[in-house]
Amino acid sequence: MGEEDFWRLLPEIVSAVDDPAADYAILPTWVLARAAHEAGIKVILSGEGGDELFGGYGRYRSAMRPWWVGGRTPRARGVLDGLGILRREIAGWRDGIAAAEARNGGHHRTLLQTAQAVDCADWLPNDLLIKLDRCLMAHGTEGRTPYLDTEMAALAFCLPDELKVKRGLGKWLLRRWLAEHLPEAQPLARKRGFTVPVARWISRRADEIGPLVARSAGVREICQPDAVERLFAAANNKRAARAAWNLLFYSLWHRRHIERATLPPDTAEALAAGT
């Protein structure tokens, strides 16, 4: 997926996602779903749940450490927190995560298991599975998630921590199995996210896209337009870029699903029509 694809396909992708799941990975997932459809494939297998059940995320390694040696609570800070762009703080954005933490903490679980259980209760159904389902069904393709088979999930969750995270690598058991049976997959290499360089693409067109997002109805309601433009101008910074991406996605999502506008196949044109 290239830069031109990003700006052309984003309105179409947003139109198919009725829940605003602003995950970078929705972009390559959409392209893969389209390729599967074009190849005549009706059902695909997907790896959703592998990271959550086998300890694949870097944030799990942090969650396993006590706070006095750098351990951190996953997703403790919102994407827009502390950036000075909100008209007022958005209270309660973390309530669902906090409720999942309260329900899933304790029970003689390790710190890793607690973080995994919270992700299975919140992150997996509210982001990853929405992303997968909407992208596939928009192309008439069904997905199967074998890691989320109940017996597989129960077995994986109860594995000892050292079979999940070891030598600074997550999904250790899966990596060791692959090292023996499919070494060409390079399973002991560092984890690479399923993503595309959205930050670089936004930064290149920040002068054009930033003002359009800032003036969009959905973003203008919650953010200060001048501050949003400055945020886009600073999109070469990692945190600013992530916030800019979320606001870009939300502005298009609001235009399509709240304002009920039909979006043309061009991001700038779609934004300009609503400002």
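What this report covers is the structure whose coordinates are included nearby. Computed from a prediction, not measured in an experiment: that's the story for all the values here.

Parameters and conventions
Residues numbered from 1 in each chain as written. Predicted model: local features only at pLDDT ≥ 70, side-chain atom pairs only at ≥ 80, totals over all residues. Heavy atoms only, no water. Helix = DSSP H or I, 4+ residues; strand = E, 2+ residues; numbered from the N terminus. Rg over C-alpha atoms; globule rule 2.2 N^0.38 Å. Buried < 20%, exposed > 50% of the residue type's maximum accessible area, 1.4 Å probe, protein only. Contact = heavy atoms within 4.5 Å. Areas by Shrake-Rupley, 256 points an atom, 1.4 Å probe, with all protein chains shown as cover. Lys, Arg positive; Asp, Glu negative; His and termini not counted. Charge placed at Lys NZ, Arg CZ, Asp CG, Glu CD. Expected span 1.5 Å × (residues − 1). Polar contact = N/O pair within 3.5 Å; in protein donor to acceptor, adjacent residues only side chain to side chain. Axes fitted to C-alpha atoms, helices over the stretch in contact; angles between N-to-C directions. Parallel < 35°, antiparallel > 145°, perpendicular 65-115°, else oblique. Nonpolar A, V, L, I, M, F, W, Y, C, P; charged D, E, K, R; others polar. Arc of directions from axis to C-beta. Core = buried A, V, L, I, M, F, W, Y, C linked by side-chain atoms within 4.5 Å. Phe/Tyr/Trp six-rings, centres within 6.5 Å; stacked < 30°, edge-to-face > 60°. Lys NZ or Arg CZ within 6 Å of the ring centre and 35° of its normal. Patch = residues over 30% accessible without salt bridge, like charges linked within 9 Å, V, L, I, M, F, W, Y side chains within 5 Å. Salt bridge = Lys/Arg side-chain N within 4 Å of Asp/Glu carboxyl O.

1. So, the overall build of the protein
In step 1: Counting secondary structure elements, the protein contains 14 helices and 2 strands.
In step 2: Relative to the 2.2 N^0.38 estimate, which gives 19 Å for 275 residues, the radius of gyration of the protein is 20 Å and therefore close to what a compact globule would have.
In step 3: Considered along the principal axes of its C-alpha atoms, the protein spans approximately 55 × 50 × 30 Å.
In step 4: Counting the 275 residues in the protein, one finds 42% classified as buried.
In step 5: Taking the contacts inside the protein whose residues are at least 6 apart along the sequence as the reference set, 70% of them involve residues at least 24 apart.
In step 6: Of the roughly 14,600 Å² of accessible surface on the protein, a fraction of 53% belongs to carbon and sulfur atoms.
In step 7: Across the protein, 38 positive and 34 negative side-chain charges occur, with their mean positions spaced 5 Å apart.

2. A few points about helix H13 (residues 238–258)
In step 1: Over its 21 residues, H13 extends 29 Å from the first C-alpha to the last, a length consistent with the 30 Å expected when each residue adds 1.5 Å.
In step 2: Of the residues that open H13, the one with a side-chain oxygen 3.0 Å from the backbone nitrogen of Arg239 is Asn237.
In step 3: Just past H13, the residue Arg260 takes up positive phi, approximately 65 degrees.

3. Quick notes on the packing of helix H1 (residues 3–16) against helix H2 (residues 26–38)
In step 1: Between H1 and H2, whose axes approach to 10 Å, the crossing angle comes to 85 degrees. As far as their axial angle goes, H2 and H1 are roughly perpendicular. Along its contact with H1, which presents Phe6, Leu9, Leu10, Glu12, Ile13 and Ala16, the element H2 presents Ile26, Leu27, Trp30, Val31 and Arg34.
In step 2: Of the residues assigned to the contact of H1 with H2, the class counts are 9 nonpolar, no polar and 2 charged.

4. A closer look at helix H12 (residues 225–233)
In step 1: If you check which residues of H12 are buried, you get Ala227, Val228, Leu231 and Phe232. For H12, the angular spread of the buried residues around the axis is 140 degrees, confining them to a single face. Those residues of H12 that are exposed and aimed more than 90 degrees away from the buried face are Asp226, Arg230 and Ala233.
In step 2: As for H12, its buried residues are in contact with helix H9 (198–204), helix H10 (206–215), helix H11 (217–222) and H13.

5. Re the nonpolar core
In step 1: With 49 residues, the main nonpolar core has Phe6, Ile202 and Leu248 as its most contacted residues.
In step 2: Of all the secondary-structure elements, those providing two or more residues to this core are H1, H2, helix H6 (111–137), H9, H10, H12, H13 and helix H14 (267–272).
In step 3: Counting residues per element, this core draws most heavily on H13, which supplies 10 residues.
In step 4: Filtering out sequence-adjacent residues up to four positions away, Ile202 remains in contact with Phe6, Trp7, Phe232, Ala235, Ala244, Trp245 and Leu248.
In step 5: Listed in part, the 8 residues of the second largest apolar core include Tyr57, Leu112, Leu128 and Val165.

6. Remarks on the packing of aromatic side chains
In step 1: In the structure shown here, the tally under the stated rule is 8 aromatic pairs.
In step 2: With a centroid separation of 4.7 Å and 65 degrees between ring planes, the pair formed by Phe6 and Trp7 is classed as edge-to-face. As far as the burial class goes, Phe6 and Trp7 line up, both buried.
In step 3: One aromatic cluster in this structure is built from Phe6, Trp7, Tyr24, Trp201, Trp245 and Phe249.
In step 4: A cation sits over an aromatic face here: Arg59 above Trp123, 5.1 Å from the ring centre.

7. Some words on a nonpolar patch on the surface
In step 1: On the surface, a nonpolar cluster with roughly 450 Å² of combined accessible area is contributed by Trp67, Trp68 and Val69.
In step 2: Tracing the backbone through its elements, the reader meets Trp67 in the loop between helix H4 (58–63) and helix H5 (95–104).

8. Focus on the pattern of salt bridges
In step 1: With the rule as written, the count across this model stands at 12 salt bridges.
In step 2: The partner of Arg205 in a salt bridge is Glu208, with the nearest N and O atoms 3.0 Å apart.

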